[in-house]
Amino acid sequence: MAQGSNVDEIVARALLQRGVVSETAIDHARAVALRNVRLPIAELLIELEHARAEDMALALSSLTGAPVWDGQGLDLAAARSVDPTSSTVLVRRDGKRVTYATFAPHDELERQDVRFSAGATSAEPVVATPQVLARAMWAARAEQRIPEAARLLARDPRGGGLGDDDEARFRDACEADDAEVCVKLANVVMLDLLWQSPGAAARVVLGDAPRLEVGFEGTFERVIDLGVPAARVESVLTRLAWRWKAMAGVEIGHGERSGWINVSSRSRHLAFAFSVEPTDRGATAVVGRQCHWAGAGVPEDPRWGSWQEAMDAASAAMLDEVVAGERWLRSAVRAAQEIGPEARLEEVVATWDLASFLDEQDREDEARGLASRALALAEELALGPRAIGGITALLGNTQIHDLAARVQAYTRADELLRSPGAGRWPSSFVAVNIAFAERVRGNPDRAVDAADAAIAEEQRWLGGLGRVGAYAKIEAAHAYADLGRVAEAEASIREAASFAERVGVDPRHLDLAFGRVALAAGRVPEALACFERGVARGGEDGTVFSPQQLLVGRAQALSQLGRVAEAQGAAERAMAALPKPSAFSTWLRGLLEPTLQRRGPYR
């Protein structure tokens, strides 16, 4: 096959002919490539989430005739006879003939490199997705000798990290096997951070410009310069990226942490968000892959300066200055629009951020319009299921008047976030929102199904139940109570209570659910005690309007006990505390009507 600049065009045409991607997706990938992001177009289309890796592998197989390899039958002796590169793995050897796995079976230069490094007379490719390649690479290296630098890092990260002497020894050892060391360092630094107090951070610098950053809240505490030769940086970064991309459900200890990992070089910038979710089995790290073509990816063009300045200023202002944060986000949207079609990706980012910001300020109508605009742009650019799913979920958040539209948006978001290419990030939080909305709509059976889906999703990703899973159990208890299935309701709420404190659930949600279940079981004094305990805790929380629901429950319980005057006073206080007019306040008002009607129609 032809080499050089023609290769990407040949691959692009083949992908279009096979219907793997759209013309718009190809144009978007080319635009990103022009920003000095040096990736083959097949990989770039996956990074931008225009195509699934599995579909791309099938298309490349059809194009070249190389079979698709699923990772089975790897000859470890053959794989370890040569160093795995960032793009190939030796699968088997038959005398002077070798078979290697690659995501670029059309690359003749790569084929020759494999042939010479393996000392073979011929080398035949098989097509493997990057995930399969990553697993094979790590299997091949698993039992290799760990260099001195990696041994230094392998000690318990809670011991305080590297000392000055260790850093000098590490730098010397690094020259012998930089890729192995960087991978080991990245994993250990991440674990080190997760055991430290919030606000801890580290930065690892690879050479002059390329770097690895790991941190919380944007704070750097230390810098470790590895002095890695720039020529090897791309290989190291690719290996790191695929390692984190495939990582999920790793038990790491106790506590709750979240932060970010940036992997940058002169040609690209990949960002990985991570969270450490406390579960009923301990704490589990979930690494969610997010690619941002910002910073190193933004062209060095004065036109882009105003957009970057506005985004940086907004990030700095939003935590403390609401007005300034909104002003800068609106400036970023305008700056992207002024640049034109080539800045559509940046317009999506800024519009999405602005919509989220306004939603958090309870300005749902404004947020809904912006989220709709961001969604239309994201679909126009074919940004992939993660981005489109996230914006769709935000659109659901803003639907406070139309519960059917809210459920429809959440359901669509749930489908997208579960689909291939969405990244390794649980969609359970969307399913919990569906459960609550369905319960408010008067569909408790659907609410149970949605809560069960959230529980199953969290168990699948975290290996246990964390905070979202606890709220799903609580929602299931409410729905079972509405259905009159008291035994199941009690079992669900007691299970949630058994680990709720450990994962950080607001106890008022438990008070509310225990009270609702007790009411359903006819244990009215017990229900009243639960509601009053929750009310006494005080505080604000709009997640599921628990303060208002507790007041409503208290009024209902007093009414059932025949304490009419107290019940009506509690109902009027609950009415005064209802959130602004919405489908939720209408629902709560309906729950109060029987109590208020005891002295005539409420006006």
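This one's a predicted model, so the numbers in the text were calculated from it and none came from an experiment.

Time to look at helix H25 (residues 564–577). In an α-helix, one full turn covers 3.6 residues, which means residues spaced three or four apart are oriented alike. In this model, H25 (14 residues) spans 20 Å end to end at C-alpha, consistent with the 20 Å of a helix rising 1.5 Å per residue. Taken together, the buried positions of H25 are occupied by Ala-567, Gln-568, Ala-570, Ala-571, Ala-574 and Met-575. Angular distribution of buried residues about the axis of H25 spans 160°; they occupy a single face of the element. Exposed residues on H25 whose side chains face more than 90 degrees from its buried face are Ala-565, Arg-573 and Ala-576. Looking at the buried positions of H25, the neighbouring elements they touch are helix H24 (546–560) and helix H26 (583–596).

Within a sheet, neighbouring strands are paired by backbone hydrogen bonds and run either parallel or antiparallel to one another. The strand order across the open sheet formed by 3 strands is S1-S2-S3, and the pairing between neighbours is mixed. Both outer strands of the open sheet, strand S1 (88–94) and strand S3 (122–127), are each paired with one neighbouring strand and no more. For this sheet the average axis-to-axis angle between neighbouring strands, irrespective of direction, equals 25°. Taken together, the 6 bridges between strand S2 (residues 97–102) and S3 define a ladder with parallel strand orientation. Each bridged residue has a counterpart across the sheet, and for Val-98 the counterpart in S3 is Ala-123.

With the rule as written, the count across this model stands at 23 salt bridges. Of the charged contacts, one joins Arg-523 and Glu-526 as a salt bridge, the two residues approaching to 2.8 Å between their closest N and O atoms. Members of the salt-bridge network, linked through shared partners, are Glu-326, Arg-330, Arg-363 and Glu-366.

Relative to the 16 Å expected for 12 residues at 1.5 Å per residue, helix H4 (residues 53–64) spans 16 Å between its end C-alpha atoms, a close match to the ideal helical length. When we look at burial in H4, the residues that qualify are Ala-53, Met-56, Ala-57, Ala-59, Leu-60 and Ser-61. Among the residues trailing H4, Gly-65 stands out with phi positive, at a value near 85°.

When pLDDT is averaged along the protein chain, the result is 75, and 67% of the positions lie at 70 or above. The weakest mean pLDDT in the protein chain belongs to helix H8 (residues 148–153) at 39; the strongest belongs to helix H22 (residues 507–520) at 95. Of the regions scoring below 50 in pLDDT, residues 234–255 engages in 76 contacts with residues more than four places distant in sequence or in other chains.

A general feature of soluble globular proteins is that nonpolar side chains tend to end up buried together. Within the largest apolar cluster, 37 residues are counted, with the highest numbers of intra-cluster contacts made by Val-430, Ile-474, Ile-493, Val-505, Leu-510 and Val-517. Top contributing element to this core by residue count: helix H20 (residues 467–482), with 9 residues. Setting aside chain neighbours within four positions, we find Ile-474 in contact with Ile-493, Ala-496, Val-505, His-509, Leu-510 and Ala-513. Core analysis: the second largest hydrophobic core is formed by 36 residues, Ala-42, Leu-44, Ala-53 and Ala-57 among them.

Now for unusual backbone geometry. Within the chain, Asp-362 stands out as a residue other than glycine whose phi angle is a positive 60°. In this fold, Asp-362 is placed in the loop between helix H14 (344–360) and helix H15 (364–380).

Pairing between S1 and S2: 6 bridges, direction antiparallel. Pairing of Asp-94 across the sheet is with Arg-97, part of S2. The antiparallel pairing of S1 with S2 creates a hairpin that spans 2 residues between the two strands, and Gly-95 there sits at a positive phi of about 65°.

Among the secondary structure elements, Phe-584 is positioned in helix H26. For Phe-584, a relative accessible area of 2% corresponds to the buried category. Taking C-alpha positions, Phe-584 is 8.7 Å from Leu-403, a pair spaced 181 residues apart along the chain.

The subject of this paragraph is the packing of aromatic side chains. The final tally for this structure, using the stated rule, is 2 aromatic pairs. Ring centres of Phe-436 and Phe-584 lie 5.5 Å apart, and the angle between their planes is 15°; this geometry places the pair in the stacked category. Of this pair, Phe-436 sits in helix H18 (residues 428–440) while Phe-584 sits in helix H26, placing them 148 residues apart in sequence. A centroid spacing of 6.1 Å and a plane angle of 80° characterise the contact between Phe-436 and Trp-587, whose relative ring orientation is edge-to-face. Residue Phe-436 is found in helix H18, and its partner Trp-587 is found in helix H26; the two are separated by 151 residues along the sequence. Like Trp-587, Phe-436 is buried. Among the aromatic residues, those joined into a cluster by ring pairs are Phe-436, Phe-584 and Trp-587.

Thresholds, definitions, all that
Residues numbered from 1 in each chain as written. Predicted model: local features only at pLDDT ≥ 70, side-chain atom pairs only at ≥ 80, totals over all residues. Heavy atoms only, no water. Helix = DSSP H or I, 4+ residues; strand = E, 2+ residues; numbered from the N terminus. Expected span 1.5 Å × (residues − 1). Buried < 20%, exposed > 50% of the residue type's maximum accessible area, 1.4 Å probe, protein only. Arc of directions from axis to C-beta. Contact = heavy atoms within 4.5 Å. Pairing = 2+ DSSP bridges. Axes fitted to C-alpha atoms, helices over the stretch in contact; angles between N-to-C directions. Salt bridge = Lys/Arg side-chain N within 4 Å of Asp/Glu carboxyl O. pLDDT = per-residue confidence, 0-100. Core = buried A, V, L, I, M, F, W, Y, C linked by side-chain atoms within 4.5 Å. Phe/Tyr/Trp six-rings, centres within 6.5 Å; stacked < 30°, edge-to-face > 60°.

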